[in-house]
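# Architecture and fold: a report
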Amino acid sequence: MPWREVRRYLNEHRHQLARTADQLYPLVPKVGSTHLLTRETWTLAQPLELQRISLEWTDQAAPPAVTGREPEAATALPVGIPTYAEAMEAMERPGLFENRTCYRLLDVSWPALSFTRGRYFDGVNVSEAAAHEFAASQVLDGAELSFRPLVADPTDLECRTALPAVSMLTLRRDSRTGEMTFVLHWRDPARVAHGGGLYQVMPVGVFQPSEESPRAEVADFDLWKCVVREYGEEFLGRSEVYGDAFDYEAWPLYRQMTDARESGLLRSFMLGLGVDPLTFATDFLAVTVIDADVFDALFGDIVASNEEGRVIGMQGIPFDDDSVSRYVHHEPMQAAGAAVLELAWKHREALAS
């Protein structure tokens, strides 16, 4: 089957393929009842406030064992193209596709996280190649997996370049009734490199600097700054272009959200970490609870679509057992999004307090 046809099959069947791929890892723990791979120490017993997490940096990290340039990766590549990112650029380029600097996760020892420098295509060359090869194996009789087995344990952060995203469930909480609602994102496969055709919580964004500069790499090594940028982009349709000397303190959305957090009207928590069984995409599982009046003031003009897809449930999806069960078990939901929803429901009393 030609490369483009396999790529399109992958984008059209990501949910089904992820559910099948998780069967390759029977000994790797999952997050709750979902298909998201994890480690026992990665899922927190109680929600951890985002501002309590400490980030550590090193320039001395060993290179990953698997890069996507191995001879085995040829099973997922067109003839003559050396990497999967180059194949996508040449043959099926999504709207958002840049080889940006990212923060590569090295170690998880809650509340401390260790990082070094990575590049976006470093992740694509492994994650999408492994997914492509697996998709081909499902439609081509006799096709074997040769590249994917190089990553024996997808949760091994030394084996590959893990570039985590923050998958943030946003809960609008009415303090008068205690009721909470949320919105979802449908990720357009024509616009994004990963997770196309699936529902996801919002906002979600790869942990990376806002711009390509040494100054931004240092200044933006902050989960909260990453999260606020994603709120601006996904909820309000803000451009991803910030400029090298971007001043967060002068940005009204950042100041308003930070003020709300400091006053207790907005609270962000980390719930855990997981890895997608199909693509090895690595996600921080997080939730933000926002007072209804603050949410409406910040996001009353939420966009119907943005650079990555469509907003689902603009009037608010009830955060209740029926809705959570529907999206976790019955809708084509990205594994990280399903895991966030399930964990948030498990901790709903703590989140509502």
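Residues numbered from 1 in each chain as written. Predicted model: local features only at pLDDT ≥ 70, side-chain atom pairs only at ≥ 80, totals over all residues. Heavy atoms only, no water.

### Side note on the pattern of salt bridges
The line we're drawing: Salt bridges, as used here, are contacts in which a Lys or Arg side-chain nitrogen is within 4 Å of a carboxyl oxygen on Asp or Glu. Secondary structure elements are defined from DSSP: runs of H or I of at least 4 residues count as helices, runs of E of at least 2 residues count as strands, and each element is numbered from the N terminus. When accessible area is computed with a 1.4 Å probe and restricted to protein chains, residues below 20% of their type maximum are described as buried, those above 50% as exposed, and intermediate ones as partly exposed.
Using the criterion set out here, one finds 18 salt bridges in the structure. A salt bridge links Glu-92 to Arg-8, with the shortest nitrogen-to-oxygen separation between them at 3.3 Å. Separated by 84 residues along the polypeptide, Glu-92 in the loop between α3 (84–91) and β3 (101–109) and Arg-8 in helix α1 (residues 3–12) bring together distant segments of the chain. Given the relative accessible area of 41%, Arg-8 is considered partly exposed. In this structure, Arg-326 and Glu-331 form a salt bridge, with 2.9 Å as the shortest nitrogen-oxygen distance. Judged by its relative accessible area of 40%, Arg-326 falls in the partly exposed class. Of the residues examined, Glu-331 reaches a relative accessible area of 17% and is grouped as buried. Linked through salt bridges whose partners overlap, the residues forming this network are Arg-4, Arg-8 and Glu-92.

### What about the sheet that holds strand β4 (residues 112–119)?
Our working definition: Any two strands with at least two DSSP bridges between them are considered paired. Inter-axis angles, ranging from 0 to 180 degrees, are taken between N-to-C directions of lines fitted to C-alpha atoms, where helices are fitted over the stretch in contact. Note on contacts: a residue pair qualifies if any of its non-hydrogen atoms lie within 4.5 Å across the two residues.
The strand order across the open sheet formed by three strands is β2-β4-β3, and the pairing between neighbours is mixed. Strands with a single pairing partner mark the edges of an open sheet, and in this sheet they are β2 (54–57) and β3. Across the sheet, the axes of successive neighbouring strands diverge by a mean angle of 40°, strand direction being ignored. Pairing of β2 with β4 involves four bridges; the strand directions are parallel. Considered in β4, the bridge of Leu-55 is made with Leu-113. Against the sheet, helix α4 (residues 120–139) engages β3 and β4, with an angle of about 90° to β4.

### Points about the packing of aromatic side chains
Centre-to-centre distance and the angle between the planes together describe a pair of aromatic rings. The condition that has to hold: Between the rings of Phe, Tyr and Trp (Trp by its six-membered ring), a pair exists once the centres lie within 6.5 Å; its type follows the angle of the planes, with under 30 degrees stacked, over 60 edge-to-face, and the other angles tilted.
Applying the stated criterion across every chain, the model contains 25 aromatic pairs. Here the aromatic rings of Phe-235 and Phe-299 are separated by 4.8 Å at their centres, their planes lie at 45°, and the arrangement is tilted. Placement of the pair is Phe-235 in helix α6 (residues 223–236) and Phe-299 in helix α8 (residues 292–299), with a sequence separation of 64 residues. Both residues of the pair, Phe-235 and Phe-299, belong to the buried class. Taking the centre distance of 5.5 Å and the plane angle of 65° together, the rings of Phe-295 and Phe-299 count as edge-to-face. On the criterion of helical spacing, the pair formed by Phe-295 and Phe-299 is a turn pair, its members being four residues apart in helix α8. Residues Phe-295 and Phe-299 agree in their burial class; the two are buried.

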